[in-house]
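Spelled out, the chains give:
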Amino acid sequence: MRLVRMYAVGAAMFLGVAPLAPAKELILTSPPRESEQKAREIFQPITEYLSRVLDQPVTFRYSDNWLSYQSEMQKDKYDIVFDGPHFVSYRTTKHHHTPLVKLPGKFIFVLIARKDNQRINKIEDVYGRVLCAPAPPNLGALTILSLYPNPARQPVLMDTKGFPQAYEGLLSGKCSAAAMQIKIFEKLDKDRKAMKVLYESKGLPNQAITASTRLDAAQRARLTEALLSDSGKQATAKLREEYNGQDFVPASAEEYQTPVEYLKDVWGFQP
């Protein structure tokens with residue numbers, strides 16, 4: 001193959017035609033939810049697979065903090081991205097990314113309180129009280145905080161880094177209420193003996209992979225087909241194992257029109 005390319009370059013020079021430039025590198029990324037080592041273990045098989053599918057180099061870029069991840073996204077620096085529906089919705093509406101595939105199921109969030117706390121029985125009872133939740137731009141926190149548009153009547157957020165920690169914070173009395181993804185809540189409180197649900201959100205589409213406009217329609221279609229294939233399942237196995245191991249399914253831009261609304265109060269994402 002190398003000899004063929006050298007011959008092609010030499011022939012082009014002999015004929016007075018400039019040789020073709022090498023294919024531009026495409027950047028694949030995901031939020032900084034795990035260590036760099038683990039992230040690379042998850043995404044390296046995917047970049048190698050997509051590079052073969054597109055016959056173009058695909059490189060994983062790790063962001064070690066949310067600010068840089070969001071900033072680069074707002075500048076449309078990423079070509080292929082896997083993340084939550086609010087970010088998918090933002091890129092779809094702002095930068096015309098195309099959702100390719102998504103994880104099945106819906107994102108549903110709940111606002112919960114301890115059953116033995118008789119003072120907290122409805123969402124209004126959380127005004128001015130401590131709310132345990134991962135900090136924004138976590139979608140669970142943003143979904144629950146959207147219930148409190150009046151700045152003078154908002155809960156005080158305690159960043160717990162994760163939903164299990166939010167549950168433990170509520171259980172131990174560090175906070176009066178907690179924001180939770182419903183699937184995690186159902187695992188932690190199977191019989192709902194300790195907690196009561198004050199609010200349950202509507203379902204949002206799951207996490208998805210999008211492609212930027214720097215990939216043409218044929219490339220995007222090729223990626224979708226490849227990610228849904230048996231070879232694609234092998235390449236994405238480690239990624240899907242992080243989220244219950246279910247296979248990807250096709251995604252559409254239409255289903256990701258509204259989740260961007262949850263980002264309206266996050267710096268840099270305002271319409």
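Being a predicted model, the structure only gives us computed values, none of them experimental.

## Some words on the state of the cysteines
Applying the stated criterion to the full structure yields one disulfide. Covalently, Cys 132 is tied to Cys 175 through a disulfide, its sulfur atoms 2.2 Å apart. Between Cys 132 and Cys 175, the S-S torsion sits near -110°, and that sign places the bridge as left-handed. Of the two residues, Cys 132 is situated in strand S7 (residues 130–133) and Cys 175 in the loop between helix H6 (163–171) and strand S9 (177–181); the sequence distance between them amounts to 43 residues. Residues Cys 132 and Cys 175 agree in their burial class; the two are buried.

## A few points about helix H4 (residues 85–94)
With eight of 10 residues buried, H4 lies mostly within the body of the structure. Within H4 the residues assigned to the buried category are Pro 85, His 86, Phe 87, Val 88, Ser 89, Tyr 90, Arg 91 and Thr 92. The positive-phi residue at the C-terminal boundary of H4 is His 96, with phi of around 60°.

## Digging into the nonpolar core
Judged by nonpolar contacts, the single largest core of 27 residues is most densely connected at Leu 28, Phe 43, Leu 50, Ile 209 and Leu 223. Going through the elements one at a time, strand S1 (26–29), helix H2 (36–54), strand S2 (58–60), strand S3 (80–83), strand S4 (98–102), strand S12 (208–211) and helix H8 (217–228) are the ones with two or more residues in this core. With eight residues, H2 is the single largest residue contributor to this core. Not counting the four nearest positions on each side in its chain, Leu 28 is found in contact with Phe 43, Ile 46, Thr 47, Leu 50, Val 58, Thr 59, Phe 60, Arg 61 and Ile 80. Val 110, Ile 112, Phe 163 and Met 180 belong to the second largest nonpolar core, which has 17 residues in total.

## Description of the pattern of salt bridges
Summed over the entire model, instances satisfying the criterion amount to 13 salt bridges. Notably, a salt bridge pairs Arg 40 with Glu 36, separated by 3.1 Å at the nearest N-O pair. Within this pair, Arg 40 and its partner Glu 36 are both found in helix H2, separated by four residues, close to a single helical turn. Looking at Arg 40, the relative accessible area reads 33%, which means it is partly exposed. When the shortest N-O distance is used, the salt bridge between Glu 255 and Lys 102 registers 2.6 Å. Separated by 153 residues along the polypeptide, Glu 255 in the segment after strand S13 (249–250) and Lys 102 in strand S4 bring together distant segments of the chain. The class of Glu 255 is partly exposed, set by a relative accessible area of 24%.

Criteria and cut-off values
All residue numbers refer to positions counted from 1 along the written sequence of the respective chain. Thresholds applied to this predicted model are a pLDDT of at least 70 for local features of residues and 80 or more for the giving and counting of side-chain atom pairs; totals over whole chains, interfaces and linings are not thresholded and use all residues. Each side-chain value is worked out from all heavy atoms of the structure, with water and hydrogens disregarded. The disulfide definition used here is simple: a pair of cysteine sulfur atoms within 2.5 Å. Only DSSP runs of H or I reaching four residues or more are called helices, and only runs of E reaching two or more are called strands; each is numbered from the N terminus. Relative accessible area decides the class of each residue, using a 1.4 Å probe on protein chains only: under 20% of the type maximum gives buried, over 50% gives exposed, and in between gives partly exposed. As used in this record, nonpolar core signifies buried Ala, Val, Leu, Ile, Met, Phe, Trp, Tyr and Cys residues forming a set joined through side-chain atoms within 4.5 Å. In this analysis, two residues are considered to be in contact whenever any of their non-hydrogen atoms come within 4.5 Å of each other. Put simply, a salt bridge is a Lys or Arg side-chain nitrogen that is within 4 Å of an Asp or Glu carboxyl oxygen.

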